Amino acid sequence: MKIDAIKQVYLIGVGGIGMSGLARYFAHLGCVVKGYDRTETELTKTLVSEGIAISYVDEIDTIDPIFNAPDDATLIIFTPAIPKDSKIKHYLEQVGHTLHKRSEVLGIISESRFTIGVAGTHGKTTTSTMVAHILKDSGFDCSAFLGGISSNYDTNVLYGNNDVVVVEADEYDRSFLTLHPNIAIVTSADADHLDIYGDAGQLLATFQMYLDRVVEGGTRIVKKGLPFDSQIAYSGHDVADVYASNVHVRDGEFYFDYISADSKIEHIHLGIPGTHNVENAVAAITAARILGIADDKIKLALANFKGVKRRFEYIVRTPSAIYVDDYAHHPEELRAFLSSMRKLYPNKKLTVVFQPHLFTRTRDFIDGFAEVLSMADRLLLMEIYPARELPIEGVNSSWLLSKITAPEKAVVTPQQVLEIAQNEKLELLVTVGAGDIDKLVKPLKEILVNA
């Protein structure tokens, strides 16, 4: 398949963060872009406003006739999260189209570009966005396919005037094994997606396969402590080839020094909070330096980096209330996020609203979730967001709640969350999860701002 020959693109599951990035990319190239998703969201509304037609009904008659017959100018992309019994998916296969996963299309794009791939069970979205921002802000430039909406650019896809592309390398469904990275970063490899991999050993083996795909002369940048081959190990401590030192918080902002074997960048101001984000910045700095970007330009870019929407995103920041929203949905992501909240606001009562994502993930990591969520002073636990899964008997939020030792805890509905915010003073509030908990952000913001 030649990207330059594509004239029309249909995306099944266009509302996903990765799929929407491809939709925007092909629309930018001048293609006719249409798609289907089961749910209208703020992101799909934005895509429609950008000229991408979207249907929310899984019926054949919603498909534009231009997609009725396969040809070299037509590209059909689907997400593995789409149910196997999707009528649209079945029809397009039946009429002879070859359906491509998003990862396959990214692989084709990366094959002809200098590719910086950022993988990890967590940390990859922020780190890839940070790398892309340094390249853009410094004037080096790049294109980028990101797994979240960059707050600096208000989009998940960037277009550059050179042959460098930054790609969030997704381990789900082994998607990242289609890429051809020149620089490969691995931020973490905690057990996850065990419904796909079976066990942690298979997950680790697949991450090594991803690193083995680095092109000749390329560089592997791997978090210190992970059992993978690497040219450069990084960490937030002085036990690696590159690391952060003198990490400290001043006026609610993070500062640190970057240390390598032969040099040092002092007094780096990181535009987003979190000790874990200091570690992400160490990896991003290392990639930027490999490309020859000057240290002063790197410092400037990190200082004005605004992060990614739903990644430690401040929603309200007033003397009476702090409200932060985050995408964390794995125990280790939650641990990093909640630990940073504790470090930033040690004297405030922390109210955590959490929506578990997937029955299998909740089942597989029940004890980890219970331990980390017990860090909350008050936990408001929503029901599990099923996404692509059917319920599993006995796996529910009441079971999870029974294992949590937070001083105050309850299973709640979205409406109850809003009522609590309306009737009680919440001085430090966080919403966390990867489902549809983000629908609470606007109403909660309105309540807290007007309190």
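From a predicted model like this one, the values you see are computed outputs, not experimental measurements.

> What should I look at first to understand the overall build of the protein in this one?
When helices and strands are counted, the protein shows 15 helices and 21 strands. Taking 2.2 N^0.38 as the reference for a compact globule, 451 residues should give roughly 22 Å; the C-alpha atoms of the protein span a radius of gyration of 22 Å, in line with that estimate. Across its three principal axes, the protein shows a C-alpha extent of roughly 65 × 55 × 45 Å. Residues classed as buried in the protein amount to 55% of the 451 residues present. Considering only contacts in the protein between residues 6 or more positions apart, those separated by 24 or more positions represent 67%.

> Before we go on, may I ask you to explain the sheet that holds strand E2 (residues 32-36) in this structure?
Sheet strands associate in pairs through backbone hydrogen bonding, adopting either a parallel or an antiparallel arrangement. A sheet is described by the order of its strands in space; here 5 strands give the open sequence E3-E2-E1-E4-E5, paired in parallel fashion. The two strands at the open ends of the sheet, each matched to only one other strand, are strand E3 (53-55) and strand E5 (99-101). In this sheet, neighbouring strand axes are inclined to one another by 25 degrees on average, regardless of whether the strands run parallel or antiparallel. As judged from the 3 bridges shared by E2 and E3, these two strands associate in the parallel manner. The partner of Tyr-36 across the bridge, within E3, is Ser-55.

> Would you mind going over the nonpolar core with me for this structure?
Side chains of a nonpolar character, in soluble globular proteins, are inclined to be buried together. The biggest cluster of nonpolar side chains holds 70 residues, and the ones touching the most others in it are Leu-135, Phe-256, Leu-270, Val-352, Phe-354, Leu-373 and Leu-379. Take this core: its biggest share by element is 8 residues, from helix H8 (residues 275-290). Counting 39 residues, the second-largest nonpolar core is a separate cluster that includes Leu-22, Ile-54, Val-165 and Tyr-210.

> Can you help me understand the pattern of salt bridges in this one?
Opposite charge on two side chains lets them pair, provided their charged atoms get close. Going through the model one piece at a time under the given rule, you end up with 18 salt bridges. Across the salt bridge formed by Lys-34 and Asp-64, the nearest N and O atoms sit 3.6 Å from each other. Highlighted residues: Lys-34 in strand E2 and Asp-64 in the loop between E3 and strand E4 (74-78), separated in sequence by 30 residues. According to the relative accessible area criterion, Asp-64 is partly exposed, its value standing at 25%. Residue Arg-378 is joined to Glu-408 by a salt bridge in which the shortest nitrogen-to-oxygen separation is 3.7 Å. Taken together, the residues span a long stretch of sequence, with Arg-378 in strand E19 (residues 378-381) and Glu-408 in strand E20 (residues 408-411) at a distance of 30 residues. Classification of Glu-408 by relative accessible area gives partly exposed; the value is 33%.

> Help me out: how do you make sense of the side chain of Asn-156 in this one?
Checked against the element boundaries, Asn-156 lands in strand E8 (residues 155-158). In this structure Asn-156 comes out as buried when scored by relative accessible area, which is 0%. Every residue in contact with Asn-156, bar those within four places of it in the chain, is listed here: Ile-17, Ser-20, Gly-21, Arg-24, Ala-144, Phe-145, Leu-146, Gly-148 and Ile-149.

> What's the story with the pairing of strand E1 (residues 8-12) in this structure? I'm lost.
Note on strand geometry: in a regular strand, side chains alternate between the two faces of the sheet. Taking burial as the measure, the 5 residues of E1 include 5 buried ones, the bulk of the element. In E1, alternate side chains face the same way, and those of Gln-8, Tyr-10 and Ile-12 on one face and Val-9 and Leu-11 on the other are all buried. Bridge count for E1 against E4 is 5 bridges, and the pairing is parallel. Opposite Tyr-10, over in E4, you have Ile-76 as the bridge partner. Viewed along the sheet, the connection from E1 through helix H1 (residues 17-28) into E2 turns out right-handed.

> What exactly am I supposed to notice about the pairing of strand E7 (residues 143-150) here?
Burial runs high along E7: 8 of the 8 residues are buried. Pairing analysis gives 3 bridges linking E7 to strand E9 (residues 164-169), with the strands arranged parallel. Paired with Ala-144 across the strands is Val-166, a residue of E9. Where E7 lies against E8, 3 bridges are found, and the strand directions are antiparallel. Pairing of Ser-150 across the sheet is with Thr-155, part of E8.

> Mind showing me how you'd approach the packing of aromatic side chains here?
The relation between two aromatic rings is expressed through the spacing of the ring centres and the mutual angle of the planes. Applying the stated rule across the entire model yields 9 aromatic pairs. Ring centres of Phe-312 and Phe-337 lie 5.1 Å apart, and the angle between their planes is 70 degrees; on these two criteria the pair is classed as edge-to-face. Of this pair, Phe-312 sits in the loop between helix H9 (295-303) and strand E16 (313-317) while Phe-337 sits in helix H10 (residues 331-344), and the two are 25 residues apart along the sequence. Chaining the aromatic ring pairs together yields one cluster made of Phe-176, Phe-207, Tyr-210 and Phe-228. The aromatic ring of Tyr-255 is capped on one face by Arg-250, whose charged end is 4.0 Å from the ring centroid. A cation over an aromatic ring shows up here: Arg-317 above the ring of Tyr-314, its NZ or CZ 3.9 Å from the ring centre.

> Sorry, what's going on with helix H15 (residues 441-449) here?
Residue pairs spaced three or four apart in an α-helix point in one direction, given the helix's 3.6 residues per turn. Those residues of H15 that sit buried are Val-441, Leu-444, Ile-447 and Leu-448. Take H15 and look down its axis: the buried residues cluster within an arc of 130 degrees, on one side only. Of the residues in H15, the exposed ones pointing more than 90 degrees away from the buried face are Lys-442 and Glu-446. Looking at the buried residues of H15, the elements they touch are E16, strand E17 (322-326), helix H14 (414-423) and strand E21 (428-433).

> Please clarify how unusual backbone geometry should be interpreted in this entry.
Trans is the common state for peptide bonds, and a negative phi is the common state for residues other than glycine. Even without a glycine there, the phi angle at Asn-246 is positive, about 55 degrees. Checked against the element boundaries, Asn-246 lands in strand E13 (residues 242-250). For Asn-246, a relative accessible area of 41% corresponds to the partly exposed category. Its identity is not glycine, yet Leu-358 carries a phi of approximately 85 degrees, on the positive side. Within the fold, Leu-358 resides in the loop between strand E18 (350-355) and helix H11 (359-364).

Definitions and limits used
- Residues numbered from 1 in each chain as written.
- Predicted model: local features only at pLDDT ≥ 70, side-chain atom pairs only at ≥ 80, totals over all residues.
- Heavy atoms only, no water.
- Helix = DSSP H or I, 4+ residues; strand = E, 2+ residues; numbered from the N terminus.
- Rg over C-alpha atoms; globule rule 2.2 N^0.38 Å.
- Buried < 20%, exposed > 50% of the residue type's maximum accessible area, 1.4 Å probe, protein only.
- Contact = heavy atoms within 4.5 Å.
- Pairing = 2+ DSSP bridges.
- Axes fitted to C-alpha atoms, helices over the stretch in contact; angles between N-to-C directions.
- Core = buried A, V, L, I, M, F, W, Y, C linked by side-chain atoms within 4.5 Å.
- Salt bridge = Lys/Arg side-chain N within 4 Å of Asp/Glu carboxyl O.
- Right-handed = clockwise from strand over helix to strand, strands pointing away.
- Phe/Tyr/Trp six-rings, centres within 6.5 Å; stacked < 30°, edge-to-face > 60°.
- Lys NZ or Arg CZ within 6 Å of the ring centre and 35° of its normal.
- Arc of directions from axis to C-beta.

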